[in-house]
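# Coordinates in review
Residue strings, one per chain:
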Amino acid sequence: MEQIYDASWQAIETFFEPNSSSLAFNFRTSSGLNAATIKRAKLIDLRIEIEVQKVILLVALIPEANQQVTIRVQLHPACNQPYLPANIKLVLLSDQGEILQQVQARIQDIYVQLKLFDGEVGECFSIQVALDSCQIAESFVI
């Protein structure tokens, strides 16, 4: 599994204090994530009319046997905001753009997470973050 990613994907510690008890930092050290796991974070800037909403997308790729990879995806508030914007959606899309799963934040959610999913090396998928009429998608090749 090659570790090739855009420079906008940074170490999780870039966005969260290493000594933090936050769920995002726990994402970095949680069980099931081993030394071979690729863990990165990206600041997502959603511009809705004149308001700017920023969130942090966390992705972990966990290598398994036989070219399989387990993927964990979470969305967290950014800029010291305590909660995600209500109704923000985190969506897993197939390489054909079909919705495979999605989760929507409620009022006062501190993060949302997709169910773990698996893929094979070379497989493609996208993660979409959507709020109101603004949608941003990130494409991945495992």
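Residues numbered from 1 in each chain as written. Predicted model: local features only at pLDDT ≥ 70, side-chain atom pairs only at ≥ 80, totals over all residues. Heavy atoms only, no water.

### Observations concerning the environment of Leu46
What counts is decided by this rule: Here a strand is any run of E in DSSP of at least two residues, a helix any run of H or I of at least four, and the numbering for each starts at the N terminus. Per-residue accessibility, obtained with a 1.4 Å probe over protein chains only, is compared with the maximum for each type, and a residue is labelled buried under 20%, exposed over 50%, and partly exposed between these values.
Residue position: Leu46 is located in strand 1 (residues 38-48). For Leu46, a relative accessible area of 0% gives the class buried. Distance from Leu46 to Ser133, taken between C-alpha atoms, is 9.8 Å for residues 87 residues apart in sequence.

### Let's talk about the pattern of salt bridges
The condition is simple: We count a salt bridge whenever a side-chain nitrogen from Lys or Arg sits within 4 Å of a carboxyl oxygen from Asp or Glu.
By the definition in use, this model includes two salt bridges. In this structure, Arg106 engages Asp109 in a salt bridge whose closest nitrogen and oxygen atoms are separated by 3.2 Å. According to the relative accessible area criterion, Arg106 is exposed, its value standing at 59%.

### Concerning the packing of aromatic side chains
Applicable threshold: Two aromatic rings, drawn from Phe, Tyr or Trp (for Trp, its six-membered ring), form a pair once their centres lie within 6.5 Å of each other, and the interplanar angle then sorts them: stacked below 30 degrees, edge-to-face above 60, tilted otherwise.
For the structure on display, the rule yields three aromatic pairs. When the ring of Trp9 is compared with that of Phe140, the centres are 5.6 Å apart and the planes differ by 65°; the resulting orientation is edge-to-face. Here Phe140 lies in strand 9 (residues 134-141) and Trp9 lies in the segment before helix 1 (23-29), a separation of 131 residues in the sequence. Residue class for Trp9 comes out buried when judged on its relative accessible area of 7%. Measuring from centroid to centroid gives 5.3 Å for Phe117 and Phe125, while their planes differ by 80°, and the two rings are edge-to-face. When its relative accessible area of 11% is taken as the criterion, Phe117 is described as buried.

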